[in-house]
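Working through the structure, step by step
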Amino acid sequence: MYYNDDQMLMLSGIQHYMFCPRQWALIHIEQQWNDNRLTAEGELLHKNVDDPAYRQKNGDTITLRAVHIASHTLGLYGICDAIELIPSETQVDSITHPRYPGFWKPYPVEYKRGHRKPDERDEVQLAAQVICLEEMYGINIPEAALFYHETRHREVVQIDVPLRQLTCELSEAMHRTFEGGFTPRAEEKRSCRSCSLIDICEPELTKKTSVAYYLKKSFDEETA
């Protein structure tokens, strides 16, 4: 599949789609958004990380920040938090950089606020970044990493065939949903409680956990 420029969707949305297709549709189709503590902390983390002018050198490795990427195969575009350039002795699966002579193997690193998730929503976002870079430079990137701010731990992720297939399937589903212009129905899950869009998506859920609701419910039961 090849998507033209007008069909491109935001790469960061792939983790939203895997977490909840309805949440993704509310954000990317209905253009609705609402912050909570978790999203605010995430934005603060990325504000500190995403400085395109920042260049860090750690030994022979150079770190680039906020690198713009895109894949017409996935139909996604976005920004890599960080790409580490690791020196290479060969041109195979390597790139060149106008400011740094020689050959370099790109190693994407995505920064996350919390800790490792029970599913692969973070991994598919990282895999999508890898696929973008591979398409842009005609290279193969076998692994990348997720850095979790809460645990201060880097998780190495193998960009294997099953993960690539899942990433492609999710991107195709995102495009089908977007082109159809519909928002999937709500399905109440445990994860709904931490979603910043819960008041927009399912206001009855928050209404039923309020003090006013319980007081009214108790009063109604006593007077029944």
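Quick summary incoming for the structure in this document. The shown structure was predicted, so the numbers you read here are calculated from the model rather than taken from an experiment.

When you go through the protein residue by residue, the secondary structure sums to 8 helices and 8 strands. A buried classification covers 42% of the 224 residues belonging to the protein. The contacts of the protein with a sequence gap of at least 6 include a subset with a gap of at least 24, amounting to 60%. In the structure as shown, the protein presents an accessible area of about 13,000 Å², 52% of it carried by carbon and sulfur atoms.

This next bit is on the packing of aromatic side chains. We describe a pair of aromatic rings using the distance from one ring centre to the other and the angle between the two ring planes. Within the structure shown, the criterion is met by 3 aromatic pairs. On the numbers, 6.3 Å between centres and 70° between planes, the contact of Tyr100 with Trp104 is edge-to-face. For the pair formed by Tyr100 and Trp104, the shared burial category is buried. Ring geometry for Tyr111 and Phe147: centres 5.3 Å apart, planes at 50°, overall tilted.

Among the secondary structure elements, Val157 is positioned in strand β8 (residues 153–158). Exposure remark for Val157: the relative accessible area of 7% places this residue in the buried category. Measuring from C-alpha to C-alpha, the distance between Val157 and Ala127 comes to 8.7 Å, with 30 residues separating the pair along the chain. The residues contacting Val157, other than those within four sequence positions of it, are Glu123, Leu126, Pro142, Glu143, Ala144, Ala145, Leu146 and Leu163.

Summed over the entire model, instances satisfying the criterion amount to 8 salt bridges. A salt bridge links Glu123 to Arg116; the nearest nitrogen and oxygen atoms lie 4.0 Å apart. For Glu155, the salt bridge goes to Arg116, with nearest N and O atoms at 3.4 Å. Of this pair, Glu155 sits in strand β8 while Arg116 sits in the loop between β6 (100–112) and α4 (121–137), placing them 39 residues apart in sequence. One network of salt bridges, in which partners are shared, links Glu110, Lys112, Lys117 and Asp122.

What counts and what doesn't
Residues numbered from 1 in each chain as written. Predicted model: local features only at pLDDT ≥ 70, side-chain atom pairs only at ≥ 80, totals over all residues. Heavy atoms only, no water. Helix = DSSP H or I, 4+ residues; strand = E, 2+ residues; numbered from the N terminus. Buried < 20%, exposed > 50% of the residue type's maximum accessible area, 1.4 Å probe, protein only. Contact = heavy atoms within 4.5 Å. Areas by Shrake-Rupley, 256 points an atom, 1.4 Å probe, with all protein chains shown as cover. Phe/Tyr/Trp six-rings, centres within 6.5 Å; stacked < 30°, edge-to-face > 60°. Salt bridge = Lys/Arg side-chain N within 4 Å of Asp/Glu carboxyl O.

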